[in-house]
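# Residue-level structure breakdown
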Amino acid sequence: MRYLALGDSYTIGEGLSAGDRWPALLARRLRGRGVPLQEPEIIATTGWTTDELAAAIDAADPQPPFDLVSLLIGVNNQYRGRSVTEFESEFRALLARAVAFADGRRDRTVVLTIPDWSATPFARDSDRDLEQMRAEMATYNAVVLAVCEDTDVRCFDITPSTREHADAVVDDGLHPDASVHAAWVDLIEADVAALLERAGD
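Before going into details, it helps to say that this report is about the structure given with it. Here the structure is a predicted model, which is why all the values come from computation and not from measurement.

Along any regular strand the residues' side chains alternate between the sheet's two faces. Of all five residues in strand β1 (residues 3–7), five are buried, a share of seventy percent or more. In terms of strand pairing, β1 meets strand β3 (residues 68–72) through five bridges, oriented parallel. Paired with Leu-4 across the bridge in β3 is Val-69. Looking at chain direction, β1 and strand β2 (residues 41–44) are connected through four bridges and run parallel. What sits directly across from Gly-7, in β2, is Ala-44.

Written as structure tokens, this is what we have:
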């Protein structure tokens, strides 16, 4: 079974070894459950916005169908002060592409909400307005949740865990460490396994 993971630093696992990033850990955990999932094909780089991810997908030209497709994107739109309206349009287009990569199966496409970096040491040491940042992250994630509900795609809300474990970061003081990536997999593993076990449906 093939897995395509689309995203940014949170998917590529900035500061982590390849095996500790959450898509790789998810695949390993699912194989332990007897789901024959290959190592993920990852299209993700630190710093990407929605439009940059779209361009990277064009360049990589992944070949469907995939049995599982995940999408986690948006933090850099917020970081750069991009329009939320623009984000919604581009996120909706990316999600449509993700579903197409899953052979049109919305039940094989999953989204993770955007981590809230406003409580990280990096943010606390900056001169940014932390309350404003948190409000902006909430607005972006409201868009993610609404688009997923509108398109009937499963969305996993990992944002609360990123606030709870805001100090569990790699050396840059910003990106989540391996324990946080493992916590995300703890949250989604059973449900994703159930989706894939219905392979013949």
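A few words now on the pattern of salt bridges. A complete count under the given rule lists 16 salt bridges for this structure. The partner of Glu-88 in a salt bridge is Arg-92, and the shortest N-O contact between them spans 3.5 Å. With Glu-88 and Arg-92 both in helix α5 (residues 84–101) and four residues apart, this pair spans about one turn of that helix. Relative accessible area serves as the criterion here: at 32%, Glu-88 is assigned to the partly exposed category. The exposure class assigned to Arg-92 is partly exposed, which follows from its relative accessible area of 32%. Across the pair Arg-124 and Asp-167 runs a salt bridge, and its minimum N-O distance is 2.8 Å. Here Asp-167 lies in the loop between α8 (159–164) and α9 (178–197) and Arg-124 lies in helix α6 (residues 121–124), a separation of 43 residues in the sequence. For Arg-124, a relative accessible area of 42% gives the class partly exposed. Residues joined in a network through salt bridges with shared partners are Arg-29, Arg-33, Asp-186 and Glu-189.

Here the focus is the packing of aromatic side chains. Within the structure shown, the criterion is met by six aromatic pairs. With a centroid separation of 4.8 Å and 50° between ring planes, the pair formed by Phe-87 and Tyr-140 is classed as tilted. Residue Phe-87 is found in helix α5, and its partner Tyr-140 is found in helix α7 (residues 130–151); the two are separated by 53 residues along the sequence. The exposure classification of Phe-87 matches that of Tyr-140, with both residues buried. Aromatic rings pair up to connect Tyr-79, Trp-117 and Phe-122 into one cluster. The ring centre of Tyr-79 lies 4.4 Å from the NZ or CZ of Arg-128, which sits over that ring.

In this model α5 runs 25 Å from its N-terminal to its C-terminal C-alpha over 18 residues, within 8% of the 26 Å that 1.5 Å per residue would give. The inward-facing, buried residues of α5 contact β1, α3 (50–60), β3, α4 (75–79), β4 (109–112) and α7. The backbone nitrogen of Thr-85 has a side-chain oxygen 3.1 Å away, supplied by the residue at the start of α5, namely Ser-83. The first or second residue beyond α5 is Asp-103, which carries a positive phi of 60°.

Definitions and limits used
Residues numbered from 1 in each chain as written. Predicted model: local features only at pLDDT ≥ 70, side-chain atom pairs only at ≥ 80, totals over all residues. Heavy atoms only, no water. Buried < 20%, exposed > 50% of the residue type's maximum accessible area, 1.4 Å probe, protein only. Helix = DSSP H or I, 4+ residues; strand = E, 2+ residues; numbered from the N terminus. Pairing = 2+ DSSP bridges. Salt bridge = Lys/Arg side-chain N within 4 Å of Asp/Glu carboxyl O. Phe/Tyr/Trp six-rings, centres within 6.5 Å; stacked < 30°, edge-to-face > 60°. Lys NZ or Arg CZ within 6 Å of the ring centre and 35° of its normal. Expected span 1.5 Å × (residues − 1). Contact = heavy atoms within 4.5 Å. Polar contact = N/O pair within 3.5 Å; in protein donor to acceptor, adjacent residues only side chain to side chain.

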